[in-house]
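Residue-level structural notes
Here's the letter readout for the chains.
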Amino acid sequence: MPRAPRGYLSPDRTAMETALRIVGIITPVLLISAIGYVYGRLRKPDMSWINQLSIDLFFPLLIFSSMASKDFHILSYLPLIGGGILVMLGSGVLAWGAARLLGYNPHAFVPPMMFTNTANMGLPLTVFASGTEMLPAAVALFMVFSLGHFTIGARIFDPKASIRGILKGPMLWAMLAGVLMSLFGLALPPWLAIGTRMLGETAIPLGLFTLGVGFASFHVKRWSIGLVGALLCPISGLVFAWPLTRVLPLTGAMQGVLLLYAALPPAVLNYVFAEKYKQEPGLVAAIVVGGNIASLFFVPLALYLALPGG
């Protein structure tokens, strides 16, 4: 009986190894979020100051420290950034058509389809799947989606919404400073880079924890709309991302990041915006919760497509 060549992996073994790796990637994310959920149910803590601290300090430092690294070259990430923008806008167009067809309020339905959980879930999943070397790529996409959320997203929720507040926020200035340092080939000295990176990376586990706490206080009633949004959000993202990975000049690792971000569930921030602009927060809550439940299927699917052997 002929032997298999050395180094050969059977299809069954390759599939099993891929499945085990996906479980290893997903498990820490679910565990930290679950701990946050249980803590939120038991203690009902006020997380507003922690969320504000993350927005004002941790995420800006994460963005800046990643982009001010000597290994970060903004121009090499332009195809990935372009792909992220196309996925975001394409998902919005499909969602607007679906809202009109189904009779939903597009001002409430469309933003959750476009703006996904790139921070609390996308960043840690990227680190667990590809290591810290792909964190700058994930931060580049997070930067684009965040900027779009606070500008385009706010205007979709309310066409009269003011977006001047983002000019005062530290995240925009952290992005600009990081881009300038990358363009001019500058990098932080090691003693400063280590401190800012350690503080910035606090945002990753803290974001997962606050995500779980946030879900502990959600009360969902409109499950039928939540189901539609839960399915449309990742499907529309992957419909655009999959062909883009074949067309754009992306490395294999960047293709994986784009596919992963396309399959992420709607961000909790959409619910905050819906309440702020009085755009059916109950509908948005159903989409956010349903989307995060559906991510238990769609995120592993995206990881399977992205991982070698998938």
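The structure we're discussing is the one just above.
Note that the structure is predicted; figures quoted are calculated from it, not measured.

Definitions and limits used
- Residues numbered from 1 in each chain as written.
- Predicted model: local features only at pLDDT ≥ 70, side-chain atom pairs only at ≥ 80, totals over all residues.
- Heavy atoms only, no water.
- Phe/Tyr/Trp six-rings, centres within 6.5 Å; stacked < 30°, edge-to-face > 60°.
- Lys NZ or Arg CZ within 6 Å of the ring centre and 35° of its normal.
- Helix = DSSP H or I, 4+ residues; strand = E, 2+ residues; numbered from the N terminus.
- Contact = heavy atoms within 4.5 Å.
- Buried < 20%, exposed > 50% of the residue type's maximum accessible area, 1.4 Å probe, protein only.

**Overview of the packing of aromatic side chains**
Scanning the entire structure with this criterion turns up nine aromatic pairs. Site record: aromatic cluster; members linked through ring pairs are Phe 150, Phe 157, Phe 273 and Tyr 277. The aromatic ring of Trp 242 is capped on one face by Arg 246, whose charged end is 4.1 Å from the ring centroid.

**Concerning the environment of Gln 255**
Note on placement: Gln 255 falls in helix α12 (residues 252–262). Counting along the chain gives eleven residues from Gln 255 to Leu 244, while the straight-line C-alpha distance between them is 8.6 Å. When neighbours within four sequence positions are excluded, Gln 255 is seen to be in contact with Thr 245, Arg 246 and Leu 250.

**Focus on the environment of Phe 145**
By the element assignment, Phe 145 lies in helix α6 (residues 135–157). Judged by relative accessible area, Phe 145 falls into the buried class, the value being 6%. Distance from Phe 145 to Asp 56, taken between C-alpha atoms, is 17 Å for residues 89 residues apart in sequence. When sequence neighbours within four positions are dropped, the list of residues in contact with Phe 145 reads Gly 84, Met 88, Met 114, Phe 115, Thr 116 and Thr 118.

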